[in-house]
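If you want the building blocks of each chain, they are given just below.
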Amino acid sequence: MTNVKQIKHLVNEQMEAIQVSSATGDAILNGIKIAQRKKQRRSKIGFSLSAIAVLFLGFAFMTRISPAFAQIFEDVPGLGAIVAIVEYDRGVEDSVRNNYFEAIGVSAKENDVTFTLDGVIADDTGMLLSYTLESPNTVNGYHLGDTVLLQNEEELGLAYVTSEHAQKEVVQKVESTIRISDPSGAIDYNNPAFTLKFSIRGEEDLTFVIPFELKNKIAKPKHYKLNREVVVEGQKFTVEQVKISPLHAAIDIITDPQNDMVIFDFSSIKLQNESGNVWGSGSTSISGFGSADTTKRTIYLESNYFQESEELYLIIGDILAMPRDEREIVIDFDKKEVASISKQYPLQLEIIDESSFKVVFDKHLGFNQTIFTNGEDRNGRKVPLAISHRISDTTNSQVFTLEQGAKNNPVTFVLQGYPNYLENDTRIKVK
């Protein structure tokens, strides 16, 4: 097997030859799961991982690469799945260019299906795992199930995002990736031995147990303490620090609990160096942690870890916010009517039936935040929601279905996002 170090020269020369088209791909929100366990080695900060804080789009890609670069992918397991990411995530691209990719090549077989953990990019923010799923028959009928990472036989409290490729023809092999995010430092790289449990569902449910050990040294993050307060139309927040690792640049922001408006999101935030090069949201799969109801949040951007810059700036554009007392919407599903809604911040809302409703954003086609994550009935019982997004060049709507029905109407929903923008243009020197 070709060593990763031996391909660096070819990677540097041929990376620009990759052309990726997403024209045939369908956006797949396959699964976002938090595994929170009571038994962990040390106490950890609690994070909210919701549709508001996390945005993941998985695409089926067609790739066209040069013969030399194709040979690289054949010789190094795992890079075949990574190629679909490098075009849209410069941190991953730079990690590959700089040999920060470790081949694993450990397999497990259940019945006629083989799961191979091909390789990993690991840092203090988590891991990007590449894998191959194959069968002499077909893998079309299988869907991704639960993913768990264990260390010292304990499940780690992490966020897992798995991606699968939409297949329109019978295939015997699929290469894809798993994103594991570690916002609270659960992973201890001083002990490099891990076990991945990965399940797939189909005519029969299969579970693969993959022990693996990391050999390469884990890169130390670059910390930049800022503690810079910003005020936008009377709303205060503090940019606490920027931490740059190979997979992500993490921006820690603290919002002032005394603000009369709730800040839903920082819709435009990026890093820029002295030459004007920009690192934005990219396709990091997990865009951050925290929500409108937490004062601390972490925003993930593309990483410039391997890029040497004399100067680096954090640029924060418009933010999404609205008054705290305008967030509640009350719906009576028995009567099929909206009992209460803000007159100043209205929504184009349609009640579909006794347990579902739709919100349309005709005037805000670019708005992609999930505006509700759950409801609460009149007895204070939490009502989970199933959420469906329909986004195109001409349509932008969100459909919400009460998973347990609306037994005790009316149901109150609290907005977790709204297309109300506060103009802002803040430039903070990082280094």
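Our subject is the structure that appears above.
As a starting point, this report considers the structure included with it. These numbers come from a predicted model, not from an experiment. (Residues numbered from 1 in each chain as written. Predicted model: local features only at pLDDT ≥ 70, side-chain atom pairs only at ≥ 80, totals over all residues. Heavy atoms only, no water.)

Quick look at unusual backbone geometry now. Of the consecutive residues Asn409 and Pro410, the connecting peptide bond is found in the cis state with omega at 0°. Within the secondary structure, Pro410 is located in the loop between strand 29 (396-402) and strand 30 (411-414). Its identity as a non-glycine residue notwithstanding, Glu233 has a phi of 50°, on the positive side. Inspection of the secondary structure assignment puts Glu233 in the loop between strand 13 (222-232) and strand 14 (235-244). We note that Lys336 has phi near 55°; this positive angle belongs to a residue other than glycine. As for its placement among the helices and strands, Lys336 is situated in the loop between strand 23 (328-332) and strand 24 (337-340). (Helix = DSSP H or I, 4+ residues; strand = E, 2+ residues; numbered from the N terminus.)

Let us now look at the packing of aromatic side chains. Under the definition given, this model contains 19 aromatic pairs. Between Tyr131 and Phe198 the ring centres are 5.2 Å apart and the planes differ by 50°, which places this aromatic pair in the tilted class. Of this pair, Tyr131 sits in strand 6 (residues 126-134) while Phe198 sits in strand 11 (residues 193-201), placing them 67 residues apart in sequence. Taken individually, Tyr131 and Phe198 each receive the classification buried, so the pair is uniform in this respect. Residues Phe333 and Phe413 carry aromatic rings whose centres are separated by 6.4 Å and whose planes lie at 80° to one another, so their mutual orientation is edge-to-face. One end of the pair, Phe333, is in the loop between strand 23 and strand 24; the other, Phe413, is in strand 30, and 80 residues separate them in sequence. By relative accessible area, Phe333 is classed as buried at 1%. Site record: aromatic cluster; members linked through ring pairs are Phe333, Phe357, Phe372, Phe400 and Phe413. (Phe/Tyr/Trp six-rings, centres within 6.5 Å; stacked < 30°, edge-to-face > 60°. Buried < 20%, exposed > 50% of the residue type's maximum accessible area, 1.4 Å probe, protein only.)

In terms of residue burial, helix 4 (residues 90-97) counts as a mostly covered element, since seven of its eight residues are buried. The backbone nitrogen of Gly91 lies 3.1 Å from a side-chain oxygen of the residue at the head of helix 4, namely Asp89. Immediately beyond the C-terminal end of helix 4, within one or two residues, lies Asn99, with a positive phi of roughly 65°. (Polar contact = N/O pair within 3.5 Å; in protein donor to acceptor, adjacent residues only side chain to side chain.)

This part takes up the nonpolar core. In this structure, Phe237, Leu314, Phe357 and Phe372 are the most contacted members of the largest nonpolar core, which totals 65 residues. For this core, the element with the most residues is strand 16 (residues 261-266), which contributes five residues. Sequence-distant contacts of Phe357, defined by excluding residues within four places in its chain, comprise Ile331, Phe333, Leu349, Glu350, Ile351, Ile352, Phe372, Gln398, Val399, Phe400, Leu402 and Phe413. Counting residues in each nonpolar core, the second largest holds 36 residues, with Val174, Ala186, Leu206 and Phe208 among its members. (Core = buried A, V, L, I, M, F, W, Y, C linked by side-chain atoms within 4.5 Å. Contact = heavy atoms within 4.5 Å.)

With that settled, the discussion passes to the pairing of strand 5 (residues 113-123). Of all eleven residues making up strand 5, eleven are buried, and the element is well covered by its neighbours. Across seven bridges, the pairing between strand 4 (residues 102-110) and strand 5 is antiparallel. Of the residues in strand 5, the one forming a bridge with Glu102 is Val120. The antiparallel hairpin formed by strand 4 and strand 5 contains two residues in its connecting segment, where Asn111 sits at a positive phi of about 55°. Remark: two residues form the turn of the hairpin made by strand 5 and strand 6, two consecutive strands paired antiparallel. (Pairing = 2+ DSSP bridges.)

Moving on to the pattern of salt bridges. Counted by the stated rule, this structure contains eight salt bridges. The closest approach of N and O atoms between Asp89 and Arg179, which form a salt bridge, is 3.2 Å. Here Asp89, found in the loop between helix 3 (79-86) and helix 4, pairs with Arg179, found in strand 10 (residues 173-181); they are 90 residues apart in sequence, far enough to count as distant. There is no split in this pair, since Asp89 and Arg179 are both buried. The residue Glu240 makes a salt bridge to Lys296 at a minimum N-O spacing of 3.9 Å. Remark: Lys296 occurs in strand 20 (residues 296-301) and Glu240 occurs in strand 14; sequence separation between them is 56 residues. (Salt bridge = Lys/Arg side-chain N within 4 Å of Asp/Glu carboxyl O.)

What follows concerns the pairing of strand 26 (residues 356-360). On a regular strand, each side chain points to the face opposite its neighbour's, so the side chains alternate between the two faces of the sheet. Buried residues dominate strand 26, accounting for four of its five residues. Pairing analysis gives five bridges linking strand 25 (residues 348-353) to strand 26, with the strands arranged antiparallel. Considered in strand 26, the bridge of Asp353 is made with Ser356. Connecting strand 25 to the antiparallel partner strand 26 that follows it, the hairpin turn spans two residues. Relative to strand 29, strand 26 is paired through five bridges, and the arrangement is antiparallel. From the neighbouring strand, Lys358 faces strand 29, where its bridge partner is Val399.

Read from one edge of the open sheet, three strands run 16-22-31, paired in antiparallel fashion. Each edge of the open sheet carries a strand with a single partner, namely strand 16 and strand 31 (421-422). Direction of pairing for strand 22 (residues 319-323) relative to strand 31: antiparallel, over a ladder of two bridges. In the sheet register, Leu320 faces strand 31, and the bridge partner there is Tyr421.

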